[in-house]
Amino acid sequence: MPIHNMLVHFPIALLLVSVVFDVLGALRRDEKLHFAGYYSLIGGVAGAALAVVSGFLQAAEMQARFARLREAALTAGANFPAAGFPGFDPTRVLQEVSVHRLLALAALAVFLVLLLWRVSQKGAIAGRLGSYLAVALLGI
């Protein structure tokens, strides 16, 4: 199984949990929950960065694999992807990967902004919970 498929679940979970901790911290007025949210955010952003890098590598491998399959089919005198892959459209797959990549980069950018915001406030949300949560929901 490609490493990207294994990595993506951790940042998704950590980024969601960071927002949940911050909401609970606000509702209960508990700094420990905000602290947990902050460190979940750090882990989520780090994991998301790794997932994005591994995703770029996996997409490059996918494009290379399609090129090899196309070349093998042409060498055998068959049409690619019709030879052995009925209904498979590599162009559509690569377009979907591009949309997936853009959404992943956008989410990473949003959470990176939130992390930089928290770092600049020494981990605190500094009385701007509403704005912070609005940006976090955009990222989610």
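Here, the structure is the one placed above.
Thresholds applied
- Residues numbered from 1 in each chain as written.
- Predicted model: local features only at pLDDT ≥ 70, side-chain atom pairs only at ≥ 80, totals over all residues.
- Heavy atoms only, no water.
- Core = buried A, V, L, I, M, F, W, Y, C linked by side-chain atoms within 4.5 Å.
- Buried < 20%, exposed > 50% of the residue type's maximum accessible area, 1.4 Å probe, protein only.
- Helix = DSSP H or I, 4+ residues; strand = E, 2+ residues; numbered from the N terminus.
- Contact = heavy atoms within 4.5 Å.
- Phe/Tyr/Trp six-rings, centres within 6.5 Å; stacked < 30°, edge-to-face > 60°.
- Axes fitted to C-alpha atoms, helices over the stretch in contact; angles between N-to-C directions.
- Parallel < 35°, antiparallel > 145°, perpendicular 65-115°, else oblique.
- Left-handed = near helix turned anticlockwise from the far one by under 90°.
- Nonpolar A, V, L, I, M, F, W, Y, C, P; charged D, E, K, R; others polar.

Trainee: Explanation requested: the nonpolar core in the structure shown.
Mentor: One broad trend across soluble globular proteins is that nonpolar side chains are buried collectively. If you look at the biggest cluster of nonpolar residues, it comprises 15 residues, and the most contacted ones within it are Leu41, Val45, Phe111, Leu114 and Tyr132. For this core, the secondary structure elements donating two or more residues are helix H2 (9-28), helix H3 (31-75), helix H4 (90-120) and helix H5 (129-139). When near neighbours in sequence (up to four residues on either side) are disregarded, Phe111 contacts Leu15, Val19, Leu41, Val45, Ala136, Gly139 and Ile140.

Trainee: Looking at this structure, how should I read the packing of aromatic side chains?
Mentor: Given two aromatic rings, their pairing is described by the distance between the two centres and the angle made by the two planes. Going through the model one piece at a time under the given rule, you end up with three aromatic pairs. Seen from their ring centres, Tyr38 and Tyr39 are 5.1 Å apart, and the 75° between their planes marks the pair as edge-to-face. For Tyr39, a relative accessible area of 45% translates into the label partly exposed. Judged by centre distance (5.6 Å) and plane angle (65°), the ring pair of Trp117 and Tyr132 falls under edge-to-face. Separated by 15 residues along the polypeptide, Trp117 in helix H4 and Tyr132 in helix H5 bring together distant segments of the chain. Among the aromatic residues, ring-to-ring pairing joins Phe35, Tyr38 and Tyr39 into one connected group.

Trainee: Which parts of the structure should I look at to understand the packing of H4 against H5?
Mentor: Each pair of packed helices can be described by the angle between their axes along with the distance between the axes. Following both chains from N to C, one finds H4 and H5 inclined at 155°, their axes separated by 8 Å at the closest point. Accordingly, the angle class assigned to the pair H4 and H5 is roughly antiparallel. Crossing angle aside, the handedness with which H4 passes H5 is left-handed. In this structure, H4 uses Ala107, Val110, Phe111, Leu114, Trp117 and Arg118 to contact H5, whose residues at the interface are Ser131, Tyr132, Val135, Ala136, Leu138 and Gly139. Of the residues that constitute the contact of H4 with H5, the class distribution is nine nonpolar, two polar and one charged.

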